[in-house]
Amino acid sequence: MSRSAHPAGPRHADVLPEGHYSAPPADLNFLDPKVWSQTVGRDADGVATVAGLDVTSLAEEFGTPAYFLDETDFRARCRAWADAFGKDADVFYAGKAFLSRAIVRWLHEEGLNLDVCSGTELATALAAGMPAERIAFHGNNKSEDEIRRAVDVGVGRIVLDSFQEIVRVAHIAQSLGKRQRVQIRVTVGVEAHTHEFIATAHEDQKFGIALAGGQAAEAVRRALKLDGLELIGIHSHIGSQIFDMAGFEVSARRVVQLLAEVRDEHGVELPEIDLGGGLGIAYTSDDDPREPHEIAKALNEIVSRECEAAGLRTPRISVEPGRAIVGPSAFTLYEVGTIKPLEGLRTYVSVDGGMSDNIRTALYDAEYSVALVSRTSEAEPMLVRVVGKHCESGDIVVRDAFLPADLAPGDLIAVPATGAYCRSMASNYNHALRPPVVAVRDGEARVIVRRETEEDLLRLDVG
Ligand SMILES: Cc1ncc(COP(=O)(O)O)c(C=O)c1O
Ligand SMILES: N[C@@H](CCCC[NH3+])C(=O)O
């Protein structure tokens, strides 16, 4: 792959907002393995490939926009997490990031557990054969029906999120003649360094029961008294897309303190703690996420140290990564439709999808990268904003990036690291048909979630 020099730089480099790319990458054709899944490369003609399949043929067969999910990459990440935490800990994949029956089967085969947060996610997990005892059920407002179903099928744990729910789950379990294993989700008061909407452990928000003011201790008191519940541990999730381990350190310390208080008050040592998910991934080449083994080592050390100091047996740890497993495994393939250079500003590149297949940029100001994938180019870099086709000026997929100046309608471009929270948060805005998810592996592609059709949408509209 040749490296092109760009002595003049982009015409619009001076308008780059702070915190985004300050200079174009040295080689626009380079598909950085940091942000692309394991089997992505380019063939001899410069066309990008995944699992040995070229994106031009994939676009012809499956259409655009479409998500391509690299099964080999996904499975390797599952194994990396499972190996890093070992047999004395549990890894629960957070299904909210992206869930389908194929995903459930892969998780099962790779020995992972699953965290679900709705009755329908639970149904998907069960339909694909995930054993109920390997499922954790989350949510700040689970309905009675959802709770009944979860208890009835025998989920491994329900994570209690409010005082009302403690009683609700206990009653339902008792009425079914069962004792449900539960954890209590606490908010530890950590300000995770991430976007406000995806930080979840500061006190002023809807999740969990605050450690502050003794509320979590009171929740434990109540849960321990109820026959329908078997309290197995404490849960804390501090937020999402986090790089800094300091937040987890504070969280683990505070959770262990609570375990010590529980031991002192009730003479009970709760056997488990769950430190949630939230580990960040590389969306651009500037991001440097931690590897699972580093994360496991750091978390194990913190928990062991704190438990030793408190004279507690080290509890069994569990974690719930979603994004860190599926995020890097997929990219979204789009076709370029229109190109609008705005003199003195930037060039708007419109694709055939948008905020309906990736809401994260509009919602969290998320950063993504993008590459021309149907060919290589030696043209100079131009500063672009990749936008969708929706009736919304905030319909932005990639806020600031560089693409070759010879980009033309009909070119295929791809946005990497869209495996998490893109298809799962996709919408039908403007009656967009949600794109398919195509799994690719060893030269074969297969649709695991099909593209919606006009008929699907019209069937919902019952007149
Ligand atoms: C309780 C819980 N666990 C796990 C996750 C997964 O987070 P992530 O996909 O960032 O790892 C979330 C979402 O933030 C969550 O709310
Ligand atoms: N949906 C969010 C993360 C929050 C998920 C669950 N609490 C994202 O795209 O980053």
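Bear in mind that the values here come from a model prediction, so they are computed numbers and not experimental data.

Rules of the game
- Residues numbered from 1 in each chain as written.
- Chains lettered and ligands numbered in written order.
- Predicted model: local features only at pLDDT ≥ 70, side-chain atom pairs only at ≥ 80, totals over all residues.
- Heavy atoms only, no water.
- Near = heavy atom within 4 Å.
- Polar contact = N/O pair within 3.5 Å; in protein donor to acceptor, adjacent residues only side chain to side chain.
- Areas by Shrake-Rupley, 256 points an atom, 1.4 Å probe, with all protein chains shown as cover.
- Nonpolar A, V, L, I, M, F, W, Y, C, P; charged D, E, K, R; others polar.
- Pairing = 2+ DSSP bridges.
- Helix = DSSP H or I, 4+ residues; strand = E, 2+ residues; numbered from the N terminus.
- Salt bridge = Lys/Arg side-chain N within 4 Å of Asp/Glu carboxyl O.
- Buried < 20%, exposed > 50% of the residue type's maximum accessible area, 1.4 Å probe, protein only.
- Expected span 1.5 Å × (residues − 1).
- Axes fitted to C-alpha atoms, helices over the stretch in contact; angles between N-to-C directions.
- Parallel < 35°, antiparallel > 145°, perpendicular 65-115°, else oblique.
- Left-handed = near helix turned anticlockwise from the far one by under 90°.
- Contact = heavy atoms within 4.5 Å.
- Lys, Arg positive; Asp, Glu negative; His and termini not counted.

A. Examining the site of ligand 1 more closely. Around ligand 1 sit 15 residues, and of these Ser240, Gly278, Glu320, Arg323 and Tyr421 come closest. For ligand 1, an oxygen atom lies 2.3 Å from a polar atom in the side chain of Ser240. Within the side chain of Tyr421, an N or O atom sits 2.6 Å from an oxygen atom of ligand 1. Its free accessible area being 390 Å², ligand 1 has 93% of it covered by the protein chains. Across the shell around ligand 1, the residue classes break down as three nonpolar, seven polar and five charged.

B. Just the sheet that holds strand E3 (residues 53-54), in detail. Here we have three strands laid out as an open sheet, ordered E1-E2-E3, and antiparallel in their pairing. The sheet is open, and its two edges are formed by strand E1 (40-42) and E3, each paired on a single side. The pairing of E1 with strand E2 (residues 48-50) spans three bridges and is antiparallel. Bridge pairing in E2 places Arg42 opposite Ala48.

C. Seen up close, the pattern of salt bridges. For the structure on display, the rule yields 32 salt bridges. For the salt bridge of Arg346 with Asp400, the shortest nitrogen-to-oxygen distance reads 2.7 Å. Taken together, the residues Arg346 in the loop between strand E14 (330-341) and strand E15 (347-351) and Asp400 in strand E18 (residues 396-404) connect sequence positions 54 residues apart. For Arg346, a relative accessible area of 11% puts it in the buried group. Using a relative accessible area of 4% as the deciding quantity, one classes Asp400 as buried. Here the residues in one salt-bridge network are Glu71, Arg75, Arg79, Glu109, Glu110, Arg441 and Asp442, joined through shared partners.

D. Unusual backbone geometry, seen in detail. With omega at -10°, the peptide bond leading from Thr64 into Pro65 counts as cis. Within the secondary structure, Pro65 sits in the loop between helix H1 (55-62) and strand E4 (66-70). Phi is positive for Ala51, close to 50°, though the residue is something other than glycine. For Ala51, the position within the fold is in the loop between E2 and E3. What makes Ala51 buried here is its relative accessible area of 11%. A positive phi angle is found at Ala417, which is not glycine, with a value near 65°. With a relative accessible area of 0%, Ala417 lands in the buried category.

E. Focus on helix H2 (residues 71-85). For H2, with 15 residues, the first-to-last C-alpha span of 21 Å sits near the 21 Å given by 1.5 Å per residue. Within H2 the residues assigned to the buried category are Glu71, Asp73, Phe74, Arg75, Cys78, Trp81 and Phe85. Downstream of H2 by one or two residues, Gly86 has phi in the positive range, about 70°.

F. Structural context of the site of ligand 2. Close contacts around ligand 2 come from eight residues, with Arg323, Arg360, Tyr364, Tyr421 and Met425 the closest. Arg360 is positioned with one of its side-chain polar atoms (N or O) 2.5 Å from an oxygen atom of ligand 2. Calculation on ligand 2 without its partners gives an accessible area of 310 Å², and the protein chains cover 85% of this total. Here the residues of the shell around ligand 2 sort into four nonpolar, one polar and three charged.

G. Structural detail: the packing of helix H4 (residues 119-127) against helix H5 (residues 144-153). Two elements in contact, H4 and H5, have axes whose closest approach is 10 Å; the angle formed by their N-to-C orientations is 25°. The angle between H4 and H5 falls in the class roughly parallel. The hand of the H4/H5 crossing is left-handed. Two secondary-structure elements touch here, H4 through Gly119, Leu122, Ala123 and Leu126 and H5 through Glu146, Arg149, Ala150 and Val153. Tallied by class, residues from the contact of H4 with H5 come to five nonpolar, one polar and two charged.

H. Expanded view of the side chain of Arg42. Its place among the elements puts Arg42 in strand E1. Among buried charged residues, Arg42 stands out as having no salt bridge; its nearest opposite-charge side chain is Asp27, 7.2 Å away. There is a polar contact of 2.8 Å between the side chain of Arg42 and the backbone oxygen of Asn29. Here the side chain of Arg42 touches Gly46 through a polar contact of 2.7 Å, landing on its backbone oxygen. Among residues more than four places away in sequence, those in contact with Arg42 are Leu28, Asn29, Leu31, Val47, Ala48, Thr49, Leu372, Val373, Arg375 and Thr376.

Just distances and angles here, no functional claims.
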